[in-house]
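Architecture and fold: a report
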Amino acid sequence: MKDTTPGTKDSTRHWSQLLEAVGQHQDEQAFARLHAHFRPLIRNFLIANGGALSVDTTEELVQEIMTKVWLKAHSYDSSKAAASTWIFTLTRNARIDFLRKHARQDARTEALTTEDIWDEDDTHQPFVYLHQHRAQQQVHSLLTDLPAEQRQCLAKVYMEGKSHSEIAEELKLPLGTVKSRVRLGIKRLQATLEVR
Amino acid sequence: MIHFHPDDNLLTEYSAGALDRGLAIAVKAHLSLCPQCRTKLSQLNLIGSAMLESETTVDDDNAASFAALMKRIHTLPTASSDARSDEDAEVDSAKHVKSKRFPPVVSKLLDNTGELRWKAISPSLRQANLQSGQDKYEVCLHKIRKGGRVVEHDHHGQEVTLILEGAFSDEQGTYRAGDFLVREPGEVHRPTATQDQDCLCLTVVAAPVRVKGLLGMFVNPFIRFQPG
């Protein structure tokens with residue numbers, strides 16, 4: 001529990017503890033360290049969105065997401081999700097929200113907020129994910145081991161927010177091929193997480 | 001016991017935030033009813049977080065941006081705004097006990113729609129549109145009268161159905177509360193509700209492509225002759 005080298009199990013725990021410190025006693029120092037670690041990660045993640053977001057927009061979104069991290073940290077529970085998973089869902093929702101606001105669709109007629117449709121955290125889960133932190137590491141190494149074409153498809157779904165049909169069009173592949181690549185990747189993930 | 005679930009592809013798109021909002025409403029409603037899919041979703045979200053952490057870069061102006069961030073946070077109206085919205089949510093749900101048996105996302109759509117306007121599609125099938133503000137997908141409720149048989153029909157667009165109450169069956173099986181079905185365009189089916197009670201479903205269907213009447217028919221043939 002002493003080591004905080006990036007990519008180790010302990011580092012996952014480390015960030016989760018810092019996030020809890022922010023939630024429990026508005027610890028600004030802990031928040032500063034989370035910010036230093038996650039700001040470049042969130043920015044990179046958003047930039048991967050096929051260049052759809054400008055530099056200014058990306059900066060604005062990162063600030064928005066980090067503000068949410070601060071405001072919502074009190075609802076974070078490290079026994080249920082790693083900090084990075086929790087921050088991923090906030091990032092995902094911020095991106096969905098941003099794209100919705102800039103679509104031709106009139107957001108005012110929307111009955112539902114993004115959070116009504118996509119939970120921002122897993123803390124409503126009926127189960128406690130005891131192995132959350134270990135699972136996090138397993139997924140990390142799984143992603144690097146996946147065949148390149150499966151990893152590419154998953155990256156396009158997650159980092160670029162593209163639907164399967166958008167990926168098929170972009171890569172000039174049949175939709176079924178994209179679907180099966182994603183599915184194979186997911187099957188590997190599930191198999192990894194079930195064998196503990 | 002729920003037997004029909006969104007497939008891994010759909011859940012993955014949902015987890016990544018890559019799924020159209022209309023379809024995501026149906027997935028979210030199913031998730032509220034299905035612990036099994038919630039577990040799967042948690043696993044899928046791990047991919048997102050692994051991707052988030054996949055690349056490390058040097059942060060050029062971290063200190064400046066942190067200062068800006070804290071300034072922004074300290075000038076927010078009240079730090080307790082989040083807690084207040086929680087209270088609002090409680091009052092809200094207490095006020096609408098009648099719709100509480102439905103997944104929260106469905107209850108909220110019902111509240112927003114107000115009075116449901118049921119229209120008869122056939123003697124045993126009624127439909128009420130829900131106001132969701134979506135343009136690509138229509139979100140509605142379908143009610144099949146108990147024992148009622150819906151005329152054989154096919155789908156012009158993809159259709160997702162979530163059973164909320166009761167059950168119906170078709171050539172491929174029997175579907176009960178919580179079951180999630182996807183019908184692709186062109187699939188023909190003939191659902192029949194079970195005898196014991198009416199079957200209520202949430203349906204999300206791709207909005208029909210608007211053919212602009214005579215004008216469209218008149219203009220379309222000429223488009224291909226346009227230069228460029």
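Note that the structure is predicted; figures quoted are calculated from it, not measured.

Let's shift gears to the overall build of chain A. In terms of regular secondary structure, chain A is built from 9 helices and 0 strands. Reading the helices (α) and strands (β) of chain A from amino to carboxyl end gives α-α-α-α-α-α-α-α-α. Relative to its full complement of 196 residues, chain A shows a buried share of 54%. Excluding contacts between residues fewer than 6 apart, the proportion of contacts in chain A whose partners are at least 24 apart in sequence is 62%. Within the structure as shown, chain A displays about 8900 Å² of accessible surface, and the carbon and sulfur contribution to it stands at 52%.

Once that is clear, we can look at the environment of S122 of chain B. Note on placement: S122 of chain B falls in strand β1 (residues 119-122). Separated by 27 residues in sequence, S122 of chain B and R149 of chain B have C-alpha atoms that sit 9.4 Å apart.

Our next topic: the sheet that holds strand β5 (residues 159-165) of chain B. All names here are of chain B. In spatial order, the strands read β1-β2-β3-β11-β5-β8; together these 6 strands make up an open sheet with antiparallel pairing. For this open sheet the edge positions go to β1 and β8 (180-183), each flanked by a neighbour on one side alone. Averaged over neighbouring strand pairs, the angle between their axes works out to 30° when direction is ignored. Pairing analysis gives 5 bridges linking strand β2 (residues 125-129) to strand β3 (residues 137-144), with the strands arranged antiparallel. From the neighbouring strand, Q127 faces β3, where its bridge partner is H142.

Take the sheet that holds strand β6 (residues 167-170) of chain B next. Residues and elements named next belong to chain B. What the 3 strands build is an open sheet, ordered β7-β6-β10; its pairing is antiparallel. What marks the edges here is a single partner per strand, and that holds for β7 (173-176) and β10 (192-193). Relative to β7, β6 runs antiparallel, the two being bridged by 4 bridges. Within the sheet, the bridge partner assigned to A167 lies in β7 and is R176.

Glancing now at the confidence of the model for chain A. All names here are of chain A. On average, residues of chain A score 84 in pLDDT, and 84% of them reach the 70 mark or higher. Highest mean pLDDT in chain A belongs to helix α8 (residues 164-171) (96); lowest belongs to helix α6 (residues 132-145) (83). Between residues 1-6, whose pLDDT stays under 50, and residues either more than four places distant or in other chains, the model counts 10 contacts.

Another aspect to go through is the layout of surface pockets. One number sums up the size of the second largest pocket: a volume of about 1400 Å³. Along the wall of the second largest pocket there are 46 residues; nearest its centre are S163 of chain A together with A18, L19, D20 and K136 of chain B. Elements represented by at least two residues in the lining of the second largest pocket include exactly α4 (83-101), α8 and α9 (175-194) of chain A together with α1 (8-16), α2 (21-33) and β8 of chain B. Two domains each put at least three residues into the lining of the second largest pocket: domain 1 (8-83) and domain 2 (116-222) of chain B.

The next thing to look at is the interface of chain B and chain A. With 59 residues of chain B in contact, the opposing surface of chain A contributes 74 residues. Summed over both sides, the interface between chain B and chain A buries roughly 6200 Å², with carbon and sulfur atoms accounting for 58% of that surface. Summed over the three residues of chain B that lose the most area to chain A, namely R21, M51 and L52 of chain B, the buried surface amounts to 13% of that side. Taken together, the links from chain B to chain A amount to 4 salt bridges. Here D8 of chain B and K187 of chain A are joined by a salt bridge, their closest N and O atoms 2.7 Å apart. On inspection of chain B and its partner chain A, the count reaches 25 residue pairs in polar contact (both at pLDDT 80 or more). Secondary structure elements with two or more residues in the side of chain B that touches chain A: α1, α2, α3 (35-52), α4 (62-74) and α6 (104-113) of chain B. By residue number, the principal contributor to the side of chain B that touches chain A is α3 of chain B, which donates 15 residues. By residue class, the composition of the side of chain B that touches chain A is 23 nonpolar, 20 polar and 16 charged.

Calculation criteria
Residues numbered from 1 in each chain as written. Chains lettered and ligands numbered in written order. Predicted model: local features only at pLDDT ≥ 70, side-chain atom pairs only at ≥ 80, totals over all residues. Heavy atoms only, no water. Helix = DSSP H or I, 4+ residues; strand = E, 2+ residues; numbered from the N terminus. Buried < 20%, exposed > 50% of the residue type's maximum accessible area, 1.4 Å probe, protein only. Contact = heavy atoms within 4.5 Å. Areas by Shrake-Rupley, 256 points an atom, 1.4 Å probe, with all protein chains shown as cover. Pairing = 2+ DSSP bridges. Axes fitted to C-alpha atoms, helices over the stretch in contact; angles between N-to-C directions. pLDDT = per-residue confidence, 0-100. 1 Å grid on protein atoms, 1.4 Å probe; cavity = no way out; pocket = protein on both sides within 12 Å on 5 of 7 lines; lining within 4 Å. Points joined across faces, edges and corners; volume = space filled by probe spheres on them. Domains from an automatic or database assignment. Buried area = accessible area lost by both parts, 1.4 Å probe. Salt bridge = Lys/Arg side-chain N within 4 Å of Asp/Glu carboxyl O. Polar contact = N/O pair within 3.5 Å; in protein donor to acceptor, adjacent residues only side chain to side chain. Nonpolar A, V, L, I, M, F, W, Y, C, P; charged D, E, K, R; others polar.

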